[in-house]
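Chain by chain, the residues:
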Amino acid sequence: MSLSNNQKPTPHVALLPSSGMGHLTPFLRFAGSLAEQNVRVTIITTHPTISLAESQALSHFFSTFPQINPNQLHLLPINDASVNSEDPFYLKYEAIRRSSHFLTPLLSSFSPPLSALVTDMSLASTVIPVTKSLSLPNYILFTSSAKMLTLFVSSHTIIGSKLPNDSDETEEFIRIPGMPPIPKSWIPPPLLSNKPNLLKTHIIENGKMLIQSDGILINTFQNIEHESLAALNDGKVVNGLPKVTPIGPFAPCDFERNKSIAWLDDQPVGSVLYVSFGSRTAMSKEQIRELGDGLVRSGISFLWVVKEKKVDREDELELGEVFGDGFLERVKGKGLVVKNWVRQEEVMEHKAIGGFLSHCGWNSLTEAVWHGVPVLAWPQHGDQKMNAFVVERIGLGMWVEDWGWGGGERVVRSGKIGEKVREMMGNELLREQAGKVKEEARRAVGDGGSSKKGLIELIEIWNKFI
Ligand code: UDP
Ligand code: UDP
């Protein structure tokens, strides 16, 4: 009977994201898809957010989904100098870690009681002991690629155990159990550094802890990463790892829509290159100027989001000051350069967009997959080379490996950039393949698709914990 159907109890799940748009966005999209399946969702946020983009996304989200409850975890300030990081996003993970004792009373206070907690991989070592003490099922949402997950869960054995003077300096490859060897140059440099740093601690400590979670959810799908997923689920990477369930790519959500960029409406179909390095990657002025010159020289129209500071609240220079004299004049009629946040989701779905020059943040890539937009990969830091590998492997794009990491490793000159942009935008095969990947993505999350099945099975498990 419909009445009894309506009264059927549903699981209540709390989501605890960490910091940065690259982590918040997939949590919000996941929350939206759970709400669509009638799961009762609470999102635990921490304030203040590091970026303005996060606080704006949260307020749009909660006004779009009034049925999803916001809740807040109180944070203790970090005011000692022992924490070594220049990255405010990593410092926020640390602040959450130090405030974890507030989590126990918070998680026990919900009514109806929680069936499960889903948290970010960067908070695993903080949160799992708390959920264990409460006998609350704990799931990890991994917001990068399955390829990166293989490194994340095995780092403590392959890198963490090494002493600083281990004589493997000449070894050029890293061997993740169960996976083909990968060049050492793909590993985030801080992870290989002998100096203590928060990225290293975070990957090693959290990666080690994932084995104790009840399940790992990941924003990818079988067709594009079956090899990594199989190695993880067959126990080849880490024996005893809980099930890794691909439930992506997360479809963009209603709260992300706003007004589109009118300039795009006037451009021919598939003619524009979208250029963005995500929400938290700053480029040096020198590289910005070379890139600008390269884009103009390519002869391809472009929409470029320039970022000169890691945290948006600090990005105060006007475009004219970033570029110096004359550049913006040269751009006129060839492209649009902006400094503010754009709704990337809307940009990517615009028919004028024909390619994406990307830093390979995993969310950006899943968005390129979702819309079938070919990618020119230019990884800058962190997991991005691992992700760039996936881009090439599935035929979604091109990666010029010798451009190296961003952030001053080397400056890539305008001539090279212009050449590769032209090559990528003119590559018909790439467009076709990107179109196929898009179809596969939509099938994966559609009814009967592999990721949709994963999500439904998960909710069935949670139903047992009501
Ligand atoms: N994004 C956006 N507008 C911008 C910059 C970024 O909407 O101007 C979004 C982008 O669509 C993605 C997220 O912010 O969903 C960035 O995550 P990603 O994993 O790509 O990279 P990160 O910012 O974490 O390096
Ligand atoms: N693949 C993967 N992880 C890897 C290597 C490959 O998930 O480390 C996937 C890849 O996404 C592709 C499939 O395995 O869908 C086959 O990859 P390959 O490029 O070897 O294709 P083949 O030439 O064997 O058809």
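Scroll up to find the structure.
Predicted model, so just to flag it, every value in this text is computed and none were measured. (Residues numbered from 1 in each chain as written. Chains lettered and ligands numbered in written order. Predicted model: local features only at pLDDT ≥ 70, side-chain atom pairs only at ≥ 80, totals over all residues. Heavy atoms only, no water.)

**Student:** Looking at this structure, how should I read the environment of Phe 356?
**Tutor:** With respect to the element layout, Phe 356 can be found in strand 13 (residues 353-358). The spatial distance from the C-alpha of Phe 356 to the C-alpha of Ala 282 is 18 Å, given a sequence separation of 74 residues. In this structure Phe 356 touches Leu 273, Tyr 274, Ser 276, Gln 344, Met 348, Ser 364, Ala 368, Val 373, Pro 374, Val 375, Leu 376 and Met 424, once residues within four positions along its chain are discounted. (Helix = DSSP H or I, 4+ residues; strand = E, 2+ residues; numbered from the N terminus. Contact = heavy atoms within 4.5 Å.)

**Student:** It is not clear to me how the site of ligand 1 should be interpreted in this structure. Could you clarify?
**Tutor:** Surrounding ligand 1, one finds 15 residues, the nearest of these being Ser 279, Val 342, Asn 363, Ser 364 and Glu 367. One of the side-chain N or O atoms of Ser 279 is found 2.5 Å from an oxygen atom in ligand 1. Across the complex, the protein chains shield 93% of the 530 Å² of accessible surface that ligand 1 would expose by itself. Mapped onto the shell around ligand 1, the elements with two or more residues apiece are helix 2 (21-36) and helix 16 (362-371). Per-element accounting of the shell around ligand 1 gives the leading share, four residues, to helix 16. In terms of residue class, the shell around ligand 1 is made up of four nonpolar, nine polar and two charged. (Near = heavy atom within 4 Å. Polar contact = N/O pair within 3.5 Å; in protein donor to acceptor, adjacent residues only side chain to side chain. Areas by Shrake-Rupley, 256 points an atom, 1.4 Å probe, with all protein chains shown as cover. Nonpolar A, V, L, I, M, F, W, Y, C, P; charged D, E, K, R; others polar.)

**Student:** Is there a simple way to explain empty space enclosed by the protein in this structure?
**Tutor:** Which parts of space are left empty comes out when a probe the size of a water molecule is rolled across the atoms. What the rule picks out here adds up to three cavities of 30 Å³ or more. The space that makes up the largest cavity amounts to roughly 90 Å³. Contributing to the lining of the largest cavity are Pro 17, Ser 18, Leu 24, Ile 44, Thr 45, Thr 46, Thr 49, Glu 54, Leu 58 and Lys 92. Sort the elements by how many residues they give to the lining of the largest cavity and strand 2 (residues 40-46) lands first, with three residues. Classifying every residue of the lining of the largest cavity gives four nonpolar, four polar and two charged. Quantified by volume, the second largest cavity comes out at close to 70 Å³. Along its surface, the second largest cavity is lined by Ser 276, Phe 277, Gly 278, Thr 281, Met 283, Ile 288, Trp 304, Val 305, Val 306 and Lys 307. For the lining of the second largest cavity, a count of residues per class yields six nonpolar, three polar and one charged. (1 Å grid on protein atoms, 1.4 Å probe; cavity = no way out; pocket = protein on both sides within 12 Å on 5 of 7 lines; lining within 4 Å. Points joined across faces, edges and corners; volume = space filled by probe spheres on them.)

**Student:** Sorry, what's going on with the sheet that holds strand 12 (residues 335-338) here?
**Tutor:** Backbone hydrogen bonds are what pair the strands of a sheet, in a parallel or an antiparallel way. Taken in spatial order, the six strands make up an open sheet running 12-11-10-13-14-15, and their pairing is parallel. Both outer strands of the open sheet, strand 12 and strand 15 (397-399), are each paired with one neighbouring strand and no more. Strand-to-strand twist across the sheet, computed as the mean angle between neighbouring axes with direction ignored, equals 15 degrees. As defined by bridge partners, strand 11 (residues 301-305) adjoins strand 12 across four bridges and the pair is classed as parallel. In the strand pairing of strand 12, Phe 302 is matched with Gly 335. Lying on the sheet, helix 12 (residues 285-298) is in contact with strand 10 (272-276), strand 11 and strand 13; it crosses strand 11 at an angle near 160 degrees. (Pairing = 2+ DSSP bridges. Axes fitted to C-alpha atoms, helices over the stretch in contact; angles between N-to-C directions.)

**Student:** Would you take a moment to explain the site of ligand 2 for this structure?
**Tutor:** With respect to spatial proximity, the complete set of residues near ligand 2 consists of Lys 147, Met 179, Asn 223, Ile 224, Glu 225, His 226, Glu 227, Ser 228, Phe 389, Arg 393 and Ile 394. The contact in question runs from an oxygen atom of ligand 2 to an N or O atom on the side chain of Lys 147, over 3.0 Å. The separation between an oxygen atom of ligand 2 and a polar main-chain atom of Glu 225 is 3.4 Å. Contributions of two or more residues to the shell around ligand 2 are made by helix 10 (222-233) and helix 17 (384-393). Examining the composition of the shell around ligand 2, we find that six residues originate from one element, helix 10, more than from any other. Here the shell around ligand 2 is built from residues that sort into four nonpolar, three polar and four charged.

**Student:** When you look at the packing of helix 2 against helix 3 (residues 52-64) in this model, what are you seeing that I'm missing?
**Tutor:** For any two helices packed against each other, the geometry is given by the interaxial angle and the distance between the axes. In contact at an axis separation of 10 Å, helix 2 and helix 3 are set at 10 degrees when each is read in the N-to-C sense. The angle between helix 2 and helix 3 falls in the class roughly parallel. In contact with Met 21, Leu 24, Leu 28, Ala 31 and Gly 32 of helix 2, helix 3 contributes Ala 53, Glu 54, Ala 57, Leu 58 and Phe 61. Looking at the contact of helix 2 with helix 3 residue by residue, the class counts come to eight nonpolar, one polar and one charged. (Parallel < 35°, antiparallel > 145°, perpendicular 65-115°, else oblique.)

**Student:** In this structure, what is going on with the sheet that holds strand 9 (residues 244-246)? I would like to understand it.
**Tutor:** Here we have seven strands laid out as an open sheet, ordered 3-2-1-4-5-8-9, and parallel in their pairing. Because the sheet does not close on itself, it has two edges, and the strands there are strand 3 (69-73) and strand 9. Averaged over all adjacent pairs, the angle separating strand axes in this sheet is 25 degrees, with direction ignored. By the bridge criterion, three bridges tie strand 8 (residues 215-218) to strand 9 in an arrangement that is parallel.

**Student:** Just to check I follow, could you spell out unusual backbone geometry for this structure?
**Tutor:** As a rule of thumb, non-glycine residues mostly have phi less than zero, and peptide bonds are mostly trans rather than cis. Here Ser 111 and Pro 112 are connected by a cis peptide whose omega angle stands at -5 degrees. The residue Pro 112 is located in the loop between helix 5 (103-108) and strand 4 (116-120) in this model. Following Gly 248, the chain continues into Pro 249 via a peptide bond in cis, with omega recorded as 0 degrees. Secondary-structure assignment places Pro 249 in the loop between strand 9 and helix 11 (262-265). For Ser 135, which is not a glycine, the phi torsion comes out positive at approximately 55 degrees. Judged by relative accessible area, which is 66%, Ser 135 ranks as exposed. A positive phi angle is found at Cys 360, which is not glycine, with a value near 75 degrees. In this fold, Cys 360 is placed in the loop between strand 13 and helix 16. (Buried < 20%, exposed > 50% of the residue type's maximum accessible area, 1.4 Å probe, protein only.)

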